[in-house]
Amino acid sequence: MALSADGWMLPVVDEDGEGFWEGTLAGELRMQACGSCGAMRFPPRPMCPRCQSTERLWQRVSGQATLWSFVVAHPPLLPAYAAIAPYPVVVVSLVEDPRLRLVGNVLDTPDGPINQVDPATLRIGEPLGVVFAPMVGQDGTEIAVPRWLRSSPVNGS
Amino acid sequence: MSNPKDPGASSRAGLLRDATAIVGIAATPFAKHLEPTEAELACQAIVDACADAGVHPSEIDALCSYTMEETEEIEIARNVGCGEVTFFSRIGYGGGAGCGTVGHAAMAVATGQAEVAVAWRSRKRGSGPRPWTNTSSQLRVPGQWTRPFGLLRPVDEIAMLTRRYMHEYGATRDHLANIAIAVRKHANRNPAAIMHDRPMSREDYMDARWVSEPLCLFDNCLETDGALACVVVSAERARDLRQPPVYIHAFAQGLPPEHQTMVNYFCDDPLTGPAWACARRLWANADFGPQDVDVAQIYDAFTPLILLSLEGYGFVERGEAPSFSDGGNLEWPGGALPVNTSGGGLSEAYIHGFNLIAEGVRQMRGTSTSQVDGAETCLVTSGEGVPTSALLLRR
C-alpha cells in the first residue's frame with residue numbers, strides 16, 4: 001500500500017503509468033502518445049483506441065493548462081486529508097488538447113500546501129501551469145506529483 | 001463520439017420486448033443498522049419475493065446480482081433451496097448494475113436458459129465501513145490519477161462533474177435543492193422510507209453542511225442496511241401468477257467511449273455520460289419514447305445524477321434539466337414527470353438503487369404510496385457516471 005509517512009495516498013506506479021511518473025521526477029510533464037497515429041491519450045494505456053496500435057511513446061507537453069472544474073472537500077476524509085480540510089481539488093485541461101484532463105491541486109506558490117488557495121477566488125477557465133511536488137513513501141520510494149500554479153514558470157525550466 | 005450508430009438498425013432490436021415480466025418483489029426493512037447478516041437479508045428478500053409472486057424458491061433456476069454483492073450464488077441456492085440453477089451472472093460497476101441484473105434475468109428467461117429468474121441486492125452499507133476508507137483498494141487505474149490529489153470519495157468525483165455542469169448550463173444550488181426536496185416529499189409519504197418522518201425545507205437544504213462543494217449533505221444518498229429481490233418469468237407464465245404482470249418492455253446497458261467509472265473526465269464530452277449510450281439502445285428497443293413515460297425512478301446516489309439522467313434519457317435537451325426541475329415538475333402529484341416516488345436513494349434507502357426497481361414495479365401495479373394516476377409506463381435507471389443500465393417497465 002502506497003502511503004507517505006504522514007498518511008498521504010501516493011500513486012502506485014504500474015507499467016502503464018511508469019513513463020508519466022519518470023517524467024514528473026525529472027521535472028517534466030509527459031503525455032503518452034500513440035507511436036503510430038500520434039494521438040495523445042490520458043490516462044495511459046497499452047493500446048490506442050483510435051488506431052489500435054500498441055506502439056507508444058512519452059511526449060513532453062508545455063505544462064500549460066486551464067481550470068476545467070474544481071471541488072472543495074470537507075470531512076469526513078482520510079485523516080491526513082481531514083487535517084488540512086477544506087481544500088480544493090481541480091481538473092485541468094491541457095492547452096495542447098483540452099480533452100486531455102488531469103486531476104490535481106492548485107497552488108499560489110510552488111511548494112505551498114494544497115489548501116493554500118482560497119477556493120472563492122478560483123475561476124473555471126483560469127490559466128495554470130505545472131510544478132512538481134516531491135513525496136516520499138513509507139518504504140522510502142521517491143515520487144513527484146504534478147501541482148498547478150496560478151502563475152507558472154515554463155514546464156521543465 | 002460524433003457519430004453514434006443507430007441501435008435500432010439491428011434486425012434483432014426489440015426481441016426482448018414484453019417477453020418477460022417482473023412478477024414478485026420484496027424488501028427487508030430499511031435501517032441504519034439491521035442485525036441479520038447480508039446473506040440472511042438476501043435470502044429473506046428472495047424468499048419473500050417468491051411468495052409475492054406465488055412461485056416456490058425451489059423453482060428458481062437463474063440468479064443475477066452485482067459484482068459487489070457479497071453473498072455468492074451458491075450461498076443463495078443452498079439456503080433458499082433452489083433446484084438446479086442453469087444461469088447466473090454478475091454485473092459490475094456498483095450502482096450501475098441494478099437494472100442490469102433484472103435485464104440479464106429477463107434475457108435468460110427470454111432465451112430459454114432459465115424459467116424463474118431472481119435478481120437481488122443485499123447490503124449493510126449503513127452499519128458497514130464506507131468503501132472509500134479502504135485505502136488498499138483505491139489506487140488502481142483510475143485511482144492513481146485521482147486519489148493522491150485528495151479526490152477520495154464518490155461525492156468528490158461527482159461534485160467535480162457537477163461544478164462543470166453548473167458552469168456550462170447556469171444551474172444553481174436551487175436546482176439541486178429541487179431534486180432533494182422532491183424525493184424527500186415522496187419519502188414523507190412512504191412509511192418504509194428512512195426519512196418518512198423527516199420533512200425538508202429549502203432552508204434545511206441551504207443550511208446543510210458541505211461535504212464536497214458544490215454538494216452538501218442533502219445532495220448525498222443515505223447509508224442503509226437492507227435487501228431487495230425480484231422475480232422474473234416469461235410473459236406466458238406471468239399471466240397465471242398472483243400479481244398483475246409488470247412487463248419488461250426494454251432493457252439496455254451503456255458504456256460510452258473512453259469512459260472511466262465515477263471519474264468521467266477523460267473523454268471528449270464528460271457531461272454526456274453512460275446514460276446517453278444506454279438511452280440510445282433502450283429507446284431503439286422500445287415501442288414508445290420518453291414523452292410517453294408516466295413516472296421515472298432515476299438513480300440518485302447524488303442529486304445531480306438526476307439532472308444528468310433527465311438529459312441523457314431524452315426527457316429534456318442538454319442543459320435543460322435544471323429549469324425542468326423548477327415548478328414541482330419532478331413531484332407527485334401533478335408534476336410533468338414524478339421521479340423517485342418512494343423517496344429513492346436520497347430519502348427512502350440506499351441499496352445500490354435496487355429499491356428504485358421495486359418502486360417502478362409498485363407504480364405499474366398501482367400500489368405506490370405516491371401512485372401516479374393511471375401510470376402505464378415507468379423508466380428505471382441505474383447509476384449515471386458509471387457503466388450503467390436501465391429498464392422500461394409497463395403494465
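Residues numbered from 1 in each chain as written. Chains lettered and ligands numbered in written order. Predicted model: local features only at pLDDT ≥ 70, side-chain atom pairs only at ≥ 80, totals over all residues.

### Concerning the overall build of chain B
So, step 1. Regarding its fold elements, chain B presents twelve helices and eleven strands.
So, step 2. If one aligns the C-alpha atoms of chain B with their principal axes, the spans along those axes are about 55 × 45 × 40 Å.
So, step 3. For chain B, the proportion of contacts with a sequence separation of at least 24, taken over those separated by at least 6, is 77%. (Helix = DSSP H or I, 4+ residues; strand = E, 2+ residues; numbered from the N terminus. Contact = placed C-beta atoms within 7 Å.)

### Quick look at the sheet that holds strand 4 (residues 117-124) of chain B
All names here are of chain B.
So, step 1. Read across the open sheet, the nine strands follow the order 3-2-4-7-1-8-11-10-9; overall the sheet is mixed. The open sheet terminates on both sides in strands that have one partner only, identified here as strand 3 (87-91) and strand 9 (295-297). When the angles between neighbouring strand axes are averaged without regard to direction, this sheet yields 25°.
So, step 2. Of the strand pairs in this sheet, strand 8 (residues 246-254) and strand 11 (residues 388-394) are connected by seven bridges, and their pairing is antiparallel. Residue pairing for strand 11: Y247 is matched across the bridge by R394. (Pairing = 2+ DSSP bridges. Axes fitted to C-alpha atoms, helices over the stretch in contact; angles between N-to-C directions.)

### A look at the interface of chain A and chain B
So, step 1. In this complex, chain A contributes 33 residues to the contact, which on the side of chain B involves 30 residues.
So, step 2. Of all the elements in the fold, those that place two or more residues in the side of chain A that touches chain B are strand 4 (64-73), strand 5 (87-94) and strand 6 (97-104) of chain A.
So, step 3. Here the element with the most residues in the side of chain A that touches chain B is strand 4 of chain A; it accounts for six residues.
So, step 4. Pairing of strand 4 of chain A with strand 5 (residues 210-213) of chain B, which is carried by two bridges, proceeds in the antiparallel orientation. Each residue of the ladder has a partner; that of V72(A), found in strand 5 of chain B, is E213(B).

### Description of unusual backbone geometry
Residue and element names in this part refer to chain A.
So, step 1. Geometrically, the link from F42 to P43 is a cis peptide bond, its omega value of -10° lying close to zero.
So, step 2. Relative to the assigned elements, P43 resides in the loop between strand 2 (40-41) and strand 3 (56-60).
So, step 3. Backbone torsion omega between A85 and P86 reads -5°, so that peptide bond is classified as cis.
So, step 4. One can find P86 in the loop between helix 2 (79-82) and strand 5.

### Thoughts on the nonpolar core
So, step 1. In terms of nonpolar packing, the biggest core is built from 167 residues, with C230(B) and V231(B) touching the most fellow members.
So, step 2. Among the nonpolar cores identified, the runner-up in size contains six residues, and A2(A), W8(A), M9(A) and I143(A) belong to it. (Core = buried A, V, L, I, M, F, W, Y, C linked by C-beta atoms within 7 Å. Buried ≥ 20, exposed ≤ 12 C-beta atoms within 10 Å, placed from the backbone.)

### Looking at the sheet that holds strand 3 of chain A
All names here are of chain A.
So, step 1. Strands sit in the order 2-1-3 across an open sheet of three strands; the sheet is antiparallel. The sheet is open, and its two borders are formed by strand 2 and strand 3, each paired with just one other strand.
So, step 2. As judged from the two bridges shared by strand 1 (residues 30-34) and strand 2, these two strands associate in the antiparallel manner. Paired with Q32 across the two strands is R41, which belongs to strand 2.

### Section: the packing of helix 1 (residues 38-53) of chain B against helix 2 (residues 73-80) of chain B
Packed helices, taken two at a time, are described by their axes: the angle between them and the distance between them.
Residue and element names in this part refer to chain B.
So, step 1. One can describe the packing of helix 1 onto helix 2 by two numbers: an axis separation of 10 Å at closest approach and a directional angle of 60°. When the axis of helix 1 is compared with that of helix 2, the two are oblique. Crossing of helix 1 over helix 2 shows right-handed handedness. In this structure, helix 1 uses A39, A42, C43, I46 and V47 to contact helix 2, whose residues at the interface are E75, I76, N79 and V80.
So, step 2. Of the residues belonging to the contact of helix 1 with helix 2, the class tally is seven nonpolar, one polar and one charged. (Parallel < 35°, antiparallel > 145°, perpendicular 65-115°, else oblique. Left-handed = near helix turned anticlockwise from the far one by under 90°. Nonpolar A, V, L, I, M, F, W, Y, C, P; charged D, E, K, R; others polar.)

### Concerning the environment of R242(B)
All names here are of chain B.
So, step 1. Note that R242 resides in the loop between helix 7 (235-238) and strand 8.
So, step 2. A tally of 11 C-beta atoms within 10 Å means that R242 is categorised as exposed.
So, step 3. Measuring from C-alpha to C-alpha, the distance between R242 and D52 comes to 7.3 Å, with 190 residues separating the pair along the chain.
So, step 4. Setting aside residues no more than four positions away along its own chain, R242 makes contact with A53 and G54.

### Topic: helix 5 (residues 173-188) of chain B
So, step 1. Over its 16 residues, helix 5 of chain B runs 22 Å from end to end, which matches the ideal 22 Å to within 8%, given 1.5 Å per residue.
So, step 2. The buried fraction of helix 5 of chain B is high, at 13 of 16 residues. (Expected span 1.5 Å × (residues − 1).)

### With respect to the pairing of strand 4 of chain B
All names here are of chain B.
So, step 1. The element strand 4 is largely enclosed, with a buried count of eight among its eight residues.
So, step 2. Burial of strand 4 is two-sided: the residues A117, A119, R121 and R123 facing one way and the residues V118, W120, S122 and K124 facing the other way are all buried.
So, step 3. The pairing of strand 2 (residues 62-66) with strand 4 spans three bridges and is parallel. Bridging across to strand 4, A62 finds its partner in A117.

### Details of helix 4 (residues 154-169) of chain B
So, step 1. Over its 16 residues, helix 4 of chain B runs 23 Å from end to end, which matches the ideal 22 Å to within 8%, given 1.5 Å per residue.
So, step 2. Burial of helix 4 of chain B is extensive: twelve of the 16 residues sit out of reach of the surface.
So, step 3. All of the buried residues in helix 4 of chain B are P154(B), V155(B), D156(B), E157(B), I158(B), A159(B), M160(B), L161(B), T162(B), R163(B), Y165(B) and M166(B).
So, step 4. In this structure, the buried residues of helix 4 of chain B make contact with strand 4 and strand 5 of chain A together with strand 5, strand 6 (215-216) and helix 9 (304-312) of chain B.

### Some thoughts on the environment of M47(A)
Residue and element names in this part refer to chain A.
So, step 1. Summarising the element assignment, M47 is placed in the loop between strand 2 and strand 3.
So, step 2. Along the chain, M47 and C34 lie 13 residues apart, while their C-alpha atoms are 8.0 Å from each other.
So, step 3. Contact partners of M47, with chain neighbours within four places excluded, come to Q52 and T54.

### Focus on the environment of M9(A)
So, step 1. Mapping M9(A) onto the fold places it in the segment before helix 1 (18-25).
So, step 2. C-alpha separation for the pair M9(A) and S93(A), spaced 84 residues apart in sequence, amounts to 23 Å.

### Digging into the pairing of strand 8 of chain B
On a regular strand, one side chain projects to one face of the sheet and the next to the other, so that they alternate.
Residue and element names in this part refer to chain B.
So, step 1. Burial of strand 8 is extensive: nine of the nine residues sit out of reach of the surface.
So, step 2. Two elements, strand 1 (residues 20-27) and strand 8, share two bridges in a ladder whose sense is antiparallel. Residue pairing in the sheet places A21 in a bridge with Y247 of strand 8.

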